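Structural characterization, general
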Amino acid sequence: MPLPRTRGTALRTGVSPARAQSRAWGRLAELRGPDVPAKALDARALAALAANPGCARRAILDGAGVNKTALASALGSPSAFGQSQFALTRGNAFEAKVKADGGAELLRLVHEMLDRSAEPPSHARVPDLTASGPQGRTARTELELREATAHPGAWTLLDHPMLALDVAGSPAFLEPDAVVVHPDGGWTVVEIKSFPLLDGSADPAKVGAAARQAAVYVLALEEVAARLAPEGAPAPRVRHRVLLVCPRDFSNLPAASAVDIRKQRAVTARQLARLTRIEDIADTLPEGTCFSPELPVEELTVAVESVPATYAPECLSACELAFHCRARSREDGAVTALGRPVRAELGGLTTVEEVLAAARGEAGDPGDPAVAALRRAAALRAEALEAACR
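In short, a report on the structure. (Residues numbered from 1 in each chain as written. Predicted model: local features only at pLDDT ≥ 70, side-chain atom pairs only at ≥ 80, totals over all residues. Heavy atoms only, no water.)

1. Let's talk about the overall build of the protein
- Each helix and strand counted, the protein has 15 helices and seven strands in total.
- The buried share among the 390 residues of the protein stands at 44%.
- Considering only contacts within the protein whose residues lie at least 6 apart along the sequence, 65% involve residues at least 24 apart.
- A distance of 2 Å separates the average location of the 45 positive side-chain charges in the protein from that of its 47 negative side-chain charges. (Helix = DSSP H or I, 4+ residues; strand = E, 2+ residues; numbered from the N terminus. Buried < 20%, exposed > 50% of the residue type's maximum accessible area, 1.4 Å probe, protein only. Contact = heavy atoms within 4.5 Å. Lys, Arg positive; Asp, Glu negative; His and termini not counted. Charge placed at Lys NZ, Arg CZ, Asp CG, Glu CD.)

2. A word on the side chain of E95
- Relative to the assigned elements, E95 resides in helix α5 (residues 85-98).
- Classification of E95 by relative accessible area gives buried; the value is 12%.
- A distance of 2.7 Å separates a polar atom in the side chain of E95 from a polar atom in the side chain of K99.
- Beyond its immediate sequence surroundings of up to four residues, E95 is in contact with H160, D177 and I192. (Polar contact = N/O pair within 3.5 Å; in protein donor to acceptor, adjacent residues only side chain to side chain.)

3. Let's talk about unusual backbone geometry
- Positive phi, normally seen in glycine, also occurs at D101, with a value near 55 degrees.
- Along the chain, D101 turns up in helix α6 (residues 100-114).
- Since its relative accessible area comes to 73%, D101 is described here as exposed.
- The backbone phi angle of D249 is positive, close to 50 degrees, even though this residue is not glycine.

4. Focus on the packing of helix α14 (residues 352-360) against helix α15 (residues 369-389)
- Where α14 contacts α15, the two axes come as close as 7 Å, and the packing angle between them is 65 degrees. Relative to α15, the element α14 lies roughly perpendicular. Of the two possible hands of crossing, α14 and α15 adopt the one that is right-handed. Counting all contacts with α14, which are made through V355, A358 and A359, the residues of α15 involved are V371, L374, R375 and A378.
- In terms of residue class, the contact of α14 with α15 is made up of six nonpolar, no polar and one charged. (Axes fitted to C-alpha atoms, helices over the stretch in contact; angles between N-to-C directions. Parallel < 35°, antiparallel > 145°, perpendicular 65-115°, else oblique. Left-handed = near helix turned anticlockwise from the far one by under 90°. Nonpolar A, V, L, I, M, F, W, Y, C, P; charged D, E, K, R; others polar.)

5. Topic: the sheet that holds strand β1 (residues 156-159)
- Spatial ordering of the open sheet is given by β1-β4-β5-β6-β7, a layout of five strands whose pairing is mixed. In this open sheet, the two strands that pair with only one neighbour each are β1 and β7 (254-260). Averaged over all pairs of adjacent strands, the angle between strand axes in this sheet comes to 25 degrees, irrespective of strand direction.
- Helix-sheet contacts for helix α7 (residues 133-150) involve β1, β4 (178-181) and β5 (187-192), and the interaxial angle to β1 is about 170 degrees. (Pairing = 2+ DSSP bridges.)

6. Regarding the environment of L349
- Relative to the elements of secondary structure, L349 occurs in the loop between α13 (340-345) and α14.
- For the pair L349 and P236, spaced 113 residues apart in the sequence, the C-alpha separation amounts to 49 Å.
- If we skip the residues at most four places from it in the chain, L349 touches V335, R343, E354, V355, A358, V371 and L374.

7. A short note on α15
- Taking 1.5 Å per residue, 21 residues should reach 30 Å; α15 reaches 30 Å between its end C-alpha atoms and fits that length.
- Buried residues of α15: A370, V371 and L374, and no others. For α15, the buried positions fall inside an angular range of 95 degrees around the axis, keeping them on one side. Relative to its buried face, α15 has exposed residues pointing more than 90 degrees away, namely P369 and R376.
- Near the N-terminus of α15, the side chain that reaches the backbone nitrogen of A370, with its oxygen 2.9 Å away, is that of D368. (Expected span 1.5 Å × (residues − 1). Arc of directions from axis to C-beta.)

8. Remarks on the nonpolar core
- In terms of nonpolar packing, the biggest core is built from 70 residues, with L46, I60, L145, L165, W187 and F291 touching the most fellow members.
- In terms of residue count, the dominant contributor to this core is helix α8 (residues 204-228) (13 residues).
- Dropping the residues within four chain positions of it, I60 is found in contact with L31, I278, I281, A282, L285 and V307.
- Core analysis: the next-biggest nonpolar cluster, separate from the first, contains 17 residues, V98, L107, A118 and V190 among them. (Core = buried A, V, L, I, M, F, W, Y, C linked by side-chain atoms within 4.5 Å.)

9. Structural notes on a nonpolar patch on the surface
- Where nonpolar side chains cluster on the molecular surface, the patch consists of L338, V342, V352 and L356 and spans about 310 Å² of accessible area.
- Tracing the sequence through the fold places L338 in the loop between α12 (322-332) and α13. (Patch = residues over 30% accessible without salt bridge, like charges linked within 9 Å, V, L, I, M, F, W, Y side chains within 5 Å. Areas by Shrake-Rupley, 256 points an atom, 1.4 Å probe, with all protein chains shown as cover. Salt bridge = Lys/Arg side-chain N within 4 Å of Asp/Glu carboxyl O.)

Laid out in C-alpha cells, this is it:
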C-alpha cells in the first residue's frame, strides 16, 4: 500500500513528488544534525502539538525528529516531562494481560461496551503485522484492514498496528495499542492505560489526554479508510466511540469505558490543519541552522531562538522544552507566560511592561476596552489601599 502523499512547495515548481519528498527529508536531517537519528512523532506528541498550533518551534523540532529531551538538557533547562520507568513497566505488564489468549478479554470488553448486537467473539483473527520499517508496517496494516473489511462477519484484532498521518506536509507514523474490526466491518480504536478506574470513573485529566490521543488515531484511520474505499462506494466506518481499558480499582483486572471522542477529533483535525507547513518554517531559518545537542550551548541557543515559540503554562505538562521557553518568555515580559485566558483579555498588549503602563495611564488608547478595564482596576486598587491605610 502506498503511504499518504505528502504535499510540498516543490510540487508547484514541477519537481516530482519523490524528489520533493527526498529533498524535504534531507533538509530535516540537516536540522537534526549529522548522524542523529530521528525521534518518532507519536500520537501523544501530536495531540500536544495540535493543542498549540501556533508554536513554530515545536512544529519544526517535532517535524525534524529532534529529541527535545536531549535538546532541553543541552540548553541547561532539563525537563521532568515523561513517564517513569516503573509506570512504563507496569503499563506493559497490564497491556500484556489484557491481550492474553489472543485478546479474548479485550474483545469481550469491546463486545460488551460497544457492540452488543454482534455475535459474541468466541474467536478472532489476529494477523501478524510484522514488516520492515514503519513504511512496511503501515503497508501491512492497511493490507490486513482491507482483508478484514472485505470479509465481514468475523472479529479481527490488530495488535499494535502502524498508521501514517500527514502532519504539516510530513508523514507521522502512529502506533495505537489495538484496532478492532467488528463483524459489520466497522473499526474501533482501543487505548490501554495503567491509571485505574475507581468505582467506574477515572481522573478526568487523564481520560481527556487519552481521548485526545485516541482522536489522532481515529483521524489516521479515517485516511486509511478513504484510501481503501472502492470508487463510488462508502468508506469503512471508523467508530467515534473508542474503548479505554484500565485496571479496575486497585487490582490488575481490566475494566473498560466507552469514550465518545467526536469533540476531540473535531478540535484535533482543525488544529492540525492550521499547523504551519514544516518546509515553510525551514525556509525561514538561517543557512546552516542545526539543533544537534552536541553543538556548543551558545550556538544551540541561537539556533533554537531563531524559531519563534508560543509559550503558555499548559506547555509545562506537554513539551520537553517548556522550562527553556518559560524562562525566555519571562525575560521578555510576555503576557503569554500568565496563561492564554489572560492573553486573550489583554488584546493588543503583549508585554507586562505595556500592561502596567496602560494601567498607570502612561500609554494605550483609552478607547481600548482592555486599557479601560486596566485603568479601572488600578483605580479600584488605589482606593482599596487608601481605605486600608486610614
